[in-house]
Protein chains: 2
Amino acid sequence: MRSRPPLDRSLPLRERKKLRTRRALADAALRLFAEKGFDGTTLEEVAEEAEVSKSTFFRFFPAKEAAAVEAETELWTAYLDELARRDLAGPVLGELHQTLAVAIAGLDPDWDERFVATRLLVARESALLKYVEHNRARIRNQVVASLASKLGLEPEDLRLPVLAELATTAFTLAARPWVYQDGRGGRQALLERHREAIKAIPGSLELTAPPRDANRDRPDRRG
Amino acid sequence: MRSRPPLDRSLPLRERKKLRTRRALADAALRLFAEKGFDGTTLEEVAEEAEVSKSTFFRFFPAKEAAAVEAETELWTAYLDELARRDLAGPVLGELHQTLAVAIAGLDPDWDERFVATRLLVARESALLKYVEHNRARIRNQVVASLASKLGLEPEDLRLPVLAELATTAFTLAARPWVYQDGRGGRQALLERHREAIKAIPGSLELTAPPRDANRDRPDRRG
DNA sequence: CTCTGAATAAGACTGAGTGTCAAAATCGGG
DNA sequence: CCCGATTTTGACACTCAGTCTTATTCAGAG
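Every value quoted in this text rests on a predicted model; they were computed, and no experiment measured them.

A. Region of the structure containing the relation of the copies chain A and chain B. Mapping chain A onto chain B calls for a screw motion: a turn of 180° about the axis and a shift of 0.0 Å along it, with 0.1 Å RMSD after fitting. Seen this way, the second copy is the image of the first under a two-fold rotation axis. A high fraction, 100%, of the interface residues of chain A reappear at the interface in chain B, so the copies pair face to face through one surface.

B. Here's a closer look at the interface of chain A and chain B. Each side of the interface is counted separately: chain A has 45 residues, and chain B has 45 residues. Here chain A meets chain B over a buried area of about 4,200 Å², counting both sides, of which 67% is carbon and sulfur. Its largest share of buried area at the contact with chain B, chain A owes to His 134, Leu 205 and Leu 207 of chain A, together 16% of the area lost on that side. Linking chain A with chain B are 0 salt bridges, by the criterion used here. Run the count over chain A and chain B and you get 6 residue pairs in polar contact (both at pLDDT 80 or more). Secondary-structure elements contributing two or more residues to the side of chain A that touches chain B are strand S1 (90–91), helix H6 (92–105), helix H8 (126–151), helix H9 (159–180), helix H10 (186–206) and strand S2 (208–209) of chain A.

C. Local environment of the packing of helix H5 (residues 70–85) of chain B against helix H6 (residues 92–105) of chain B. Residue and element names in this part refer to chain B. In the contact formed by H5 and H6, the axes pass within 8 Å of each other and the chain directions differ by 120°. Our classification of the angle between H5 and H6 gives oblique. Every pair of crossing elements has a handedness; the one defined by H5 and H6 is right-handed. Contacts from Leu 75, Trp 76, Ala 78, Tyr 79, Glu 82 and Leu 83 of H5 reach H6 at Leu 96, Thr 99, Leu 100, Val 102, Ala 103 and Ile 104. The residue makeup of the contact of H5 with H6, split by class, is 10 nonpolar, 1 polar and 1 charged.

Criteria and thresholds
Residues numbered from 1 in each chain as written. Chains lettered and ligands numbered in written order. Predicted model: local features only at pLDDT ≥ 70, side-chain atom pairs only at ≥ 80, totals over all residues. Heavy atoms only, no water. Least-squares fit on C-alpha atoms with pLDDT ≥ 70 in both. Contact = heavy atoms within 4.5 Å. Buried area = accessible area lost by both parts, 1.4 Å probe. Salt bridge = Lys/Arg side-chain N within 4 Å of Asp/Glu carboxyl O. Polar contact = N/O pair within 3.5 Å; in protein donor to acceptor, adjacent residues only side chain to side chain. Helix = DSSP H or I, 4+ residues; strand = E, 2+ residues; numbered from the N terminus. Axes fitted to C-alpha atoms, helices over the stretch in contact; angles between N-to-C directions. Parallel < 35°, antiparallel > 145°, perpendicular 65-115°, else oblique. Left-handed = near helix turned anticlockwise from the far one by under 90°. Nonpolar A, V, L, I, M, F, W, Y, C, P; charged D, E, K, R; others polar.

Shown next as C-alpha cells:
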C-alpha cells in the first residue's frame, strides 16, 4: 500500500486515535484479503495485523466485508451529503450526475488509489460484491427519498427510482474500465468516463435489434 | 399456506421424492421465517419442520436465504430461459419487456401466491433482501452476455447493462404495489403494472426540477 | 434376494458475529 | 496533581451458518 496522509490536526486527540485505528483495520483488511483471499483470511488475522482485538474490529465495522470497502462507502456517503445540501434545477438526471461529480471531486486525495484496490478486490470476491451491491441499493433508496422531498413528488413516483438507478449504474459502468487500467488518468479521467456514460443513457433506450432474419441463428461474434 | 399441486407423474419415483423434499423445505422456510423472523429461526428448525436433516437442506439449497426465495429464483430463471430461446426484433427494451412477460405467463399457477409471500418477507428481512439483490445482479450480467451475443455487440457496450438494469428495475417497481395489495387482480394485474412501468421509463429521463427559487428551501410535502 | 450406487443422517469442526465482564485509558472536578 | 466517574478496550464464552467426514438407508438392477 503506501503511507497514510496526516490526520486532521483540529480533531481532539482521542478522535484522531480512533481514526488511526479505523484506517489500520481498513488497510489490513484490504491487504490481507488481496493476499490470501476473503475466505482465506480470518477476522483475528485482520485484527492482529492492526494490533487490536476482534471486539474492537466490530466496534468500527458492522461486518467483515465493511472494512474492505471503506472507499466505496466514502464515495456514496459523500454523494448523499452533497445531494442533501444541493438545490436542484433543470433535468434531474443531469443534477444527479453533477452531484456525484462534485462528491468525487471533494474526496481525500488518496481515495483514487484505495478505490481502485477496493474494486479490484470486489470483482474477485463475491461476498464483497454482495455487500457493495446491497449498499448501493440502500443509497438508491435514500436518493429516492431525498429527491421526492426536494421535488415535492410522492415517493411512489416510478420515475425517481429509475433515475436513481441510472445514476449509480452509469457511474459503476464508467468506473469499471478505469479501475482495470489502475486508475490511469486519475480522477479527471474517471469523471470524463462518467460524463460519457451519462450521455450514453438516452441512446440506450433506442437500441434496436436488426430485422428478423438478416443473420439467423446467431450473429456469432462479429456482425 | 395451502396444499401443494400434484407432482408430475411422469418423473421417476426418486425424482418426485426429491421435488417433494425441496418444496417441503421451501414451504417450511417461508412459513417459519414469516412467523419467527429470519434470524429467529435456525436451520435445524427448518430442516426438522420438513423432516430432513440439516445436511439434506444444504444439498437442495446453497444458503439459508435461498429456501425462502424460491419463487424469485423461478421467475428470473424463466426470464433467462425465455431470453435464450427468443429471436430479438425491434427495440431491445420492448423485447426484454416481452421476454419477462412471457416468462411470467408460463410460471406454475401457484407462483403468484408464493411470490407475494416471498416479497412480503423479503421486505422485512434485510438478509433476504441482500440475497435477492445479488441474485438480480447476477441475472442482469447474464442478460448482458446473452444480448451481446444475440445482437453481435461487444459485451463492453454500455447500453446493454443500462437496458438490463432498466428491465429488471421496472418489473421490481411494478411488483411492489401489487404485492402490497396481496396480488389483487392476479397475474394479469401484475403484467399490466409491468407494462405501465416500462412505458414510464422514457419520461423519467425528462424529469426536470422547477427553476431555482419558485419555492426556496424545501417544497415541504405539498407543492 | 442381494448387490450397488446414490441419497441421507449424524455429528464434529471452523469461523463470523454477539454479549458479558473486568481491566485500562481518558477526562472532569477538586 | 490526584480521585472518582465514564468510556474504551481485550478476553472470553456462546450461538449458529456452513463444511466435511463417516456411517446408514434405500431405490432399482440383476
